[in-house]
Amino acid sequence: MDPSTFRYLGSTPCSCGRCRRVVTERIHLHEELASRLHGELDGKAGLLLGDPRTLEACGLAVAEQLRQAGDRVQTVDLEQELDGELHADDHAIDVAVETLSAHPEALPVAVGSGTVNDVVKAAAHQLERPYVAVATAPSMNGYTSAIAAITREGLKGTWPSTPPVAVLADPEVLAHSPRRLQISGLADLLSKPVSSADWKMGHLLWDEPYCPVPAEMAGRAVDRAVSVASRLPDEDPEASEVLFDALLLSGISMAVAGTSSPASGGEHLISHYLDMTAHCAPGGPRKPALHGEQVGVGTAISTRLYRALLARGQDEIDWGRAAAEAPSIEAVPEWLDQAEYLPGVLRQQFMHQSRKKLERLGSPSERVGRIRQRWEELRDTLEPSLRDAERYGEVLPVVDAPASAADLGVKPRELSLAYRLGRFVRDRYTILDLAGDLGLILELEDEVLPG
Ligand SMILES: [Zn+2]
Ligand SMILES: [Zn+2]
């Protein structure tokens, strides 16, 4: 296949002056992974970092082939270094930085999917060293993005990080990666209509920077991925490749935009909330579901919320009630009190993010005034995105993706709180804020949360 990603590599796809150059120069989607990686090493030593599963899936075999070709290559099992499970957090990055520092001449190679890539990307960025990614599953869109999703001091966030100079993958490895990872990648991708609607909304309401070029870049690839979705469960290499290409493009669109906004809105905040509260969940710590699985449920919630809100004409909204119920910063602690299990450090972080957002956007009455003024324009502009979101929403049930709180392994009350409080996780205006500013977030809860 001919990935549509190729034409963007190393280029600046937009001349608006704000969009950035694509750092990733090469994509090798090829069965002969070792010979391609040999070319990337170009005589340098290679340090292949992964976890036991990803090293088994391809890291060890590739390392062996490279050694036979005369390359100096070492593999590192990050879980062994950590003496525990690998999570994308400060501790793992410290360990990865230490490991890379012990091999100052080697090219770091992240062998894995989400977590391994985030950890190696952040560590290489910290040391200002280029790295390459060997993808083992089409499970998320972060391979080519310029951010790493890391939990720092309990707060899950995205941190600026230089993308890999090259991404490599063996189509057979992608096709045989666990089905659950592939469905998760598809679900992460399907958030695009609602996340870019949130981005556009931030522009329309609050004059935040927005550029249609990165917003549209991934669109066609996502459509193609949707068209092969039903073939993913059959370990169909072509379907996995199309999905992988769309995920790479989605990551590139974020790197070009210089923000995760083209691919991360309110649906991602719901997922972040669930990740951040997994360790303190009521009834005891739980293991979070996969990123895309949570995002898929968040996307369904966002889609229904968009429909419920945009269905209302300007004269069908009680603007007086909106001004009374839109939160001021003084009202946020009361909202957070609903989640009595939140540790102090998370409350502080949520307050900090909320303060930044609300100070930037103005008092409740100022915000509601502006929303009212621009309401009809907002409805007209976002309607096409909403139609796309509804069309995409039909895909996940076909592949049996998680759809309910129970499917994600969380209590219904936790999902309800993720919906109510997700808007306080981050200084980003999304559909969750709009529902809050219109005073409708609680009223619409039963209608938009999965039953
Ligand atoms: Zn642009
Ligand atoms: Zn995502």
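This text follows the structure it describes.
In this report, we go over the structure that sits alongside the text. Quantities reported herein were computed from a predicted structural model and do not represent experimental measurements.

1. So, the coordination of the zinc ion (ligand 2)
Here's step 1: Bound to the zinc ion (ligand 2) are the protein donor atoms Asp 188 (OD), His 268 (NE2) and His 291 (NE2), situated 2.1 to 2.2 Å from the metal.
Here's step 2: Each donor residue of the zinc ion (ligand 2) lies on the same chain, and together they follow the pattern D-x79-H-x22-H. Residue Asp 188 is found in helix α7 (residues 179-189), and its partner His 268 is found in helix α12 (residues 266-276); the two are separated by 80 residues along the sequence. Taken as a pair, Asp 188 and His 268 share a single burial class, namely buried.

2. Some details on empty space enclosed by the protein
Unfilled space is identified by rolling a water-sized probe across the atoms.
Here's step 1: Enumeration over the complete set of coordinates arrives at one cavity of 30 Å³ or more.
Here's step 2: Estimates place the volume of the largest cavity at around 60 Å³.
Here's step 3: If you trace the largest cavity, you find it lined by Pro 327, Lys 357, Leu 358, Leu 361, Arg 367, Arg 423, Phe 424, Tyr 429, Asp 433 and Asp 437.
Here's step 4: Elements with a minimum of two residues in the lining of the largest cavity: α16 (344-361) and α22 (431-437).

3. Points about the pattern of salt bridges
Here's step 1: Taken as a whole, this structure holds 28 salt bridges when the rule is applied.
Here's step 2: Between Arg 53 and Glu 79 there is a salt bridge, with the nearest N and O atoms lying 3.3 Å from each other. Remark: Glu 79 occurs in helix α3 (residues 78-82) and Arg 53 occurs in helix α2 (residues 52-68); sequence separation between them is 26 residues.
Here's step 3: According to the relative accessible area criterion, Arg 53 is exposed, its value standing at 51%.
Here's step 4: Glu 79 sits in the buried class, given a relative accessible area of 15%.
Here's step 5: The partner of Lys 287 in a salt bridge is Glu 85, with the nearest N and O atoms 3.2 Å apart. With Lys 287 in the loop between α12 and α13 (291-310) and Glu 85 in the loop between α3 and α4 (90-101), this pair connects stretches of sequence that are 202 residues apart.
Here's step 6: We classify Lys 287 as exposed; its relative accessible area is 63%.
Here's step 7: What emerges from the salt-bridge pattern is a single network uniting Arg 307, Glu 383, Arg 387 and Glu 390.

Criteria and cut-off values
- Residues numbered from 1 in each chain as written.
- Chains lettered and ligands numbered in written order.
- Predicted model: local features only at pLDDT ≥ 70, side-chain atom pairs only at ≥ 80, totals over all residues.
- Heavy atoms only, no water.
- Donors = N, O, S within 2.8 Å, 3.2 Å for Na, K, Ca; no water.
- Helix = DSSP H or I, 4+ residues; strand = E, 2+ residues; numbered from the N terminus.
- Buried < 20%, exposed > 50% of the residue type's maximum accessible area, 1.4 Å probe, protein only.
- 1 Å grid on protein atoms, 1.4 Å probe; cavity = no way out; pocket = protein on both sides within 12 Å on 5 of 7 lines; lining within 4 Å.
- Points joined across faces, edges and corners; volume = space filled by probe spheres on them.
- Salt bridge = Lys/Arg side-chain N within 4 Å of Asp/Glu carboxyl O.

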